[in-house]
Structure formats: structure tokens, C-alpha cells
Number of protein chains: 2
Amino acid sequence: MFKILDCTLRDGGYYTNWDFDKSLVHTYLNSLNSLPVEYIEVGYRSIPVKDYYGKYFYSPVYELQELKSLTNKKLVIIFNEKDIRVEHVADLLLPIVGIVDMVRIALDPQQLGRALKLAAEIKKYGFEVGFNVMYMSKWKQYGNFVEELSGLDGLADYFYMVDSYGGVFPDDVKQTMDLIRSKTDCKIGFHGHNNLEMALINSLTAVDYGADIVDSTILGMGRGAGNLKTELLLSVLNTKYKMDIDFNAIGNVVDGFDKLLKKYEWGTNVPYMISGSNSLPQKDVMDWYTTRVYSLNSMVRALQNQKNNIKDN
Amino acid sequence: MFKILDCTLRDGGYYTNWDFDKSLVHTYLNSLNSLPVEYIEVGYRSIPVKDYYGKYFYSPVYELQELKSLTNKKLVIIFNEKDIRVEHVADLLLPIVGIVDMVRIALDPQQLGRALKLAAEIKKYGFEVGFNVMYMSKWKQYGNFVEELSGLDGLADYFYMVDSYGGVFPDDVKQTMDLIRSKTDCKIGFHGHNNLEMALINSLTAVDYGADIVDSTILGMGRGAGNLKTELLLSVLNTKYKMDIDFNAIGNVVDGFDKLLKKYEWGTNVPYMISGSNSLPQKDVMDWYTTRVYSLNSMVRALQNQKNNIKDN
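Rules used in this analysis
- Residues numbered from 1 in each chain as written.
- Chains lettered and ligands numbered in written order.
- Predicted model: local features only at pLDDT ≥ 70, side-chain atom pairs only at ≥ 80, totals over all residues.
- Heavy atoms only, no water.
- Least-squares fit on C-alpha atoms with pLDDT ≥ 70 in both.
- Contact = heavy atoms within 4.5 Å.
- Helix = DSSP H or I, 4+ residues; strand = E, 2+ residues; numbered from the N terminus.
- Phe/Tyr/Trp six-rings, centres within 6.5 Å; stacked < 30°, edge-to-face > 60°.
- Buried < 20%, exposed > 50% of the residue type's maximum accessible area, 1.4 Å probe, protein only.

Asks: Quick rundown of the relation of the copies chain B and chain A? Include the residues and the values.
Replies: In the superposition of chain B on chain A (RMSD 0.0 Å, axial shift 0.0 Å), the rotation amounts to 180°. These values place the two chain copies in the arrangement generated by a two-fold rotation axis. Nearest to the rotation axis, the C-alpha of E197 of chain B is located 3.0 Å from it, this being the minimum over chain B. When the interface residues of chain B are mapped onto chain A, 100% of them again lie at the interface, so the same face is used by both copies.

Asks: Describe unusual backbone geometry, with residues and values.
Replies: Backbone geometry at K242 of chain A places phi at a positive 50°, although glycine is not the residue there. Mapped onto the elements, K242 of chain A comes out in the loop between α10 (230–240) and α11 (247–264). Notably, S279 of chain B is not glycine yet its phi reads approximately 50°, a positive angle. Structurally, S279 of chain B can be placed in the loop between α12 (270–278) and α13 (282–291).

Asks: Got a sec to walk through the packing of aromatic side chains? Specific residues and values, please.
Replies: Residue and element names in this part refer to chain A. Under the counting rule described, the total for this entry stands at 34 aromatic pairs over all chains. Ring centres of W18 and Y44 lie 5.8 Å apart, and the angle between their planes is 80°; on these two criteria the pair is classed as edge-to-face. Of this pair, W18 sits in the loop between α1 (8–16) and α2 (22–32) while Y44 sits in strand β2 (residues 39–44); the two residues are 26 residues apart in sequence, bridging distant segments of the chain. Accessibility expressed as a relative area gives 6% for W18, which makes it buried. Its relative accessible area of 2% is what places Y44 among the buried residues. Ring geometry for Y53 and F57: centres 4.1 Å apart, planes at 20°, overall stacked. Judged by relative accessible area, which is 27%, Y53 ranks as partly exposed. Among the residues examined, F57 registers a relative accessible area of 11% and is labelled buried.

In C-alpha cells:
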């Protein structure tokens, strides 16, 4: 059976600036304790930055200790590869040895070489290591990256395909898995975005095709169009895989996050659909859209030109 | 290329009791005029009933005439088979000959025999005829129904699989299409519900496997969890099938219906996911859920017992 990693606080933090009410976090952990989720990713560990970011952007030790006391699940934190270097690792990880089980690395595929060195350093402290490699729909353009995948063997516990644009289809998932397997034996994970409402079928396709782990979040809370919904995945597992599911626990945690959904209104919409189906960054599309200076048509034309490196006319 | 039938007013009417503002209907028709939609299903034609139902439950002749003057698309109305008999057809259809192009029949598969007689009568007036056959996920249980499918040849222009519970997966779509094709040469359509966010992938699977037509609605407006979203389908067609799409038109009509979405909040949620993945009527699940007398767990257990004909304990 494959594993589920719930990353509601980490990915949902893009909406709340990584602050969450204590009582909601307790409801969340308490509910997940009764559900077949293996890992809980609670936030980033980060070096200090100038702008304000909330608690789960730094995941301080006292907080991780409290979370650890409240859950029977494995805890996960994630590094943003672009900000973290080998020399930061000791300070960030030594204090959380024995509290956190896995450290993930979110990376641009073009930085795989640098991430492999970071992973080797993380491994010294005994953590499981996951690679969350972004821009899956563009990997074919990164030749070197694919050749370097053999470096994962013996180092990475999970290698995730991240559908950053929410634009891949089940056949793309299978083709990408074939590509990965031609280079490495690493266990494969999938992190889906829901711009085209493909997160569930892509995740199910990945696990049917042998993936070991998928990410999901409560109500799909996550950047832009959001992620695979944990409650949707579990509802399907209940019938398709005959798995016992505590729907009361699902009801409690969904009710808790529903207030945030009403406030922040994540989920797909026309600009996110356009960005997804064109592999365009959803931030660009939303920025253009919310200013309303351009019509949707001229926006789509300009963004497609940008993607194809054609100057706007 | 396959065809699209937009049935926003007909299926969305479940939320508005089939009343819509005139200005919204004009925005809708005006936008759809610029989009690659072949048919617009505007509502039911019905014999008078005691309770109040709005305009698009009856689709009166003066209204159909006005709509006809505002659109370059083919107009469609639908009959609820359980309420309409052969003797009603003349009254309901004679006045709209030359205005409406297709008449669809929404039916329980166990009434296929009766519906075939109704279709023969409708054909006399020169309309295209579509069969919208409900409960697709349960067809295998209806042996007689499958044997009668050969009666469609030369009579039905489209035979729709309706995923009433929103619970089928792409492989189910293909298997059902194989079953249909073993009995009839009729063109096949798909009407998807979105309980499990499967409406798009199921629709794309159907057309990749040779279906001729799919239904969709603006913002997925429709009973319970709603339908395939027209704007999502068109966004994907723009990239996957290189089809020119007027996104300004999409933006206009989506903005118009967004007010109704905020008010009625259709779309999937945990009860609809449960009903979808268990092939249970979403109305039953929502009724139980909104009363909140039972926990989600006892509700799921009771409904699954009901489905399996086991007495609750």
C-alpha cells in the first residue's frame, strides 16, 4: 500500500503567511491521528529573513516538540533549496534530531546537483530525505537533470514529481515515471496541484503505476488552485481500496479549515486553469488578472508568447 | 471533433428553481455565441404540476422564441421521462417545431422500453433525439436494459451515459462504452458529475475513446456536486486540441454565474464525495448530513448497509 503525506500547514501557509490558530492545529493533529496518513509536513525550516513570516515558516524547536507530543505520526519539515546551503544544515537540523523524521528539499530541477550535496549533509543527522522536484511538465527540457538522477540512489528516500503548474495528465505521469525509472531505483512520490481538477486522477495513476507516496492537504489548501484534497483521496480509498476511514475525524478537520477556505478562497478558477493548461506560473496569471488592465484574451496571448519566447506585438 | 452541449440553465435550475435573471441569460447566450459549443439545453418542457417551478422548468414558447433570436446555437429541451407520456408529446412539441433542434429524454434505465416509444413519437416532429440514461454505475445490474439497447438504432441521435452519482472512473467509462457498442451503433455522449472531481478526465476519456458529445455547465452549476465545468473543458481544449478559445467570453459568463455560486455554493464536499464513491444518491447523504443528527461514520455505515440491503443495527 502506498503512503500519504499531509502537508496542509506547510502548503496552506502560503495563504496565512504560515500562521495558524493553535486550536485549529490541535484539531488537525487530533483528526489525523485517526486517519491513515503516514507523514505530517508541518512547515519550512528557514534561515532568518527580513520580511515577516509566521511560525510554520521557521518551525521552531519548541513548536515541533509540542506537535510531536500531540501526534502519533512521523513529522516532516521542508527546506527551500534556493535559500539553504550545506553550511546551514547543522544549525537547522541538530536541534530537531529525534523530533522530526523526514527532511524534504523543494528544488528547481536545474539545481539537482546542489541538492544532492545538501541531501548528503542531511543524511548525516539520520533523517529520511525527500526530494520535491518542481516543474514536472518541463523536465524533458532539462537534459542534464535527467542524467544526474542516478545520484539519488542510496541517498533519497523519496523522489517526488511536483506538478507545479497543475497541468499534467495521467499519461504524463506514467511517462515521467518511466523516465525516472530509467535512471534511478529511488521510491517515487507525486505532489499534485488542482488547476485542471487532475490532482486525484494523477495521484491514483501514480500509485497504480507503482508510486510509493502522494501528498495531499485538507480541503486542498495550498498555493493558487491548491492540492489534492486529503478528504477526497480518503473517500476514494474507502471504496476503491476497502480501507477503513474515520469519517467523523474527516468531518472535524474539514469543518475547521472550512473557515479559512471561506476567507482565502483557494481553489481553481479561469486564470488558474489557463496557467495550468499552458504550464505558466499561476502567480503571473493571477497578477495580470487581478489588475484587470488586460483582457483575458490579450493576457493569454502575451503569456503564451512569453512561454514561446516570442516578443509581444 | 466531438461536440459540446452546455446545459447550465437546465441543470443549474435545480438551485434556482429554474428561474434566472434575464440579463444573466443574455450574458450567457452572448458569451456562448463566441465559444465552440454546439447545443444549448435551456430547460425542461413539462406538463403543469401543482408546486411552483420557474420559467425554465416549462420553457414556454415565447421564451424559446426569444432565446432563438439571441443565439446562433442549436437549442435543446429535455423531458423527464417519468412524467411525460406519448399522449403529451403533441402539446409539448408542436408549438416549438423550428425553434428547438433537439429533445432529450432523461430516464431511469429500467424505463428504456417506454422511452423508446416516446422517442418514436418525438421523431415524428422532426427533432433530433437524445437519451440521457441515469445511474451509469449501476447499469450492469440491469440485464434487460442492456439487451434493449439495439432499439436505439435509427431512433436516437445520441445515447448518453449519465454518471448520476459522480462516482465512475475512466476505466468504467471505457467498459461502459464497450458494453453499449456491443448492442448499438448509436453515437455516444457523456454527462459527468463532479463529486470525485472526475468529470473532466471521464469526459476526456469518453471522447478519446470515441464519444461524440459531452455535457458541461458554466462553473459546473448543477445538482449537488455539479457538472463538468464548461470553462475547464474549453481551457484544456485550447492547449490539448489547439482550439481557438475566446477567453474574454468565458470571463464574462463566469463572472455572471459567480454570484449564483457564492449564493448557492454548489460543488463537491465530504457528503457528496461519500455519495459519489459509494454510488449513493447525493440527496439522501445531504439530507442526513444537514440535519446533523447522526455522525458521518454512522451515516456512512447506514447508507452502505442500505445499499447492500443489510438492516441497520
